[in-house]
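Coordinates in review
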Amino acid sequence: GMLHLIQHDNSNVLIQGRVTGLTPGLHGFHIHVNGNCDSPDGMSAGGHYAPAGGRHGAPSSKDHHLGDLGNIEADRSGVANVSVDVQGVSLALIGLNSIVDRAVVIHAGADDFSDPAGNSGARVACGVIEQDMDMRM
Ligand code: CU
Ligand code: ZN
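Cut-offs applied
Residues numbered from 1 in each chain as written. Chains lettered and ligands numbered in written order. Predicted model: local features only at pLDDT ≥ 70, side-chain atom pairs only at ≥ 80, totals over all residues. Heavy atoms only, no water. Pairing = 2+ DSSP bridges. Helix = DSSP H or I, 4+ residues; strand = E, 2+ residues; numbered from the N terminus. Axes fitted to C-alpha atoms, helices over the stretch in contact; angles between N-to-C directions. Buried < 20%, exposed > 50% of the residue type's maximum accessible area, 1.4 Å probe, protein only.

1. Observations regarding the sheet that holds strand 1 (residues 2–9)
Reading across the sheet, the three strands line up as 1-2-5 and stay open at both edges, with antiparallel pairing between neighbours. Either end of the sheet is taken by a strand with one partner, and the two such strands are strand 1 and strand 5 (80–87). Taking each pair of neighbouring strands and ignoring which way they run, the sheet shows an average axis angle of 15°. Two strands pair when backbone bridges link them, and strand 1 and strand 2 (residues 12–19) are joined in this way by seven bridges, in the antiparallel orientation. Opposite L5, over in strand 2, you have I15 as the bridge partner.

2. So, the pairing of strand 3 (residues 25–32)
Of all eight residues making up strand 3, six are buried, and the element is well covered by its neighbours. Looking at chain direction, strand 3 and strand 4 (residues 68–74) are connected through five bridges and run antiparallel. Residue pairing for strand 4: H27 is matched across the bridge by I72. As defined by bridge partners, strand 3 adjoins strand 6 (residues 103–107) across four bridges and the pair is classed as antiparallel. Looking at strand 6, one finds that H32 is bridged to A103.

As structure tokens, then:
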């Protein structure tokens, strides 16, 4: 699949795109701390991105890791259309809560929002977040 990240104001990033080849149903969807998807099991991406700490939870709950994005849902053909607005992050290269050079991970199962990591099973897809290199002048 392919996901596009668009920063649409100082602290919100919209993740949009389409992922295929999933099993039907819900899949945990997180930002993990390391921009490294080299290991086949995705473990090289490390744990959830949580610069302010906190407990694992739903993005709508008050206490959650910054990288906890909830679930995406794949249809009966295994296709998930993703549109997730992430609050409190940026695509700046450096600075507070930058998600550049971190990883988006999709899990085999649903995130049940239990601490510490939501119980969503194996990491079935992993992608490194890169800054859009288009120059706007
Ligand atoms: Cu995850
Ligand atoms: Zn988490």
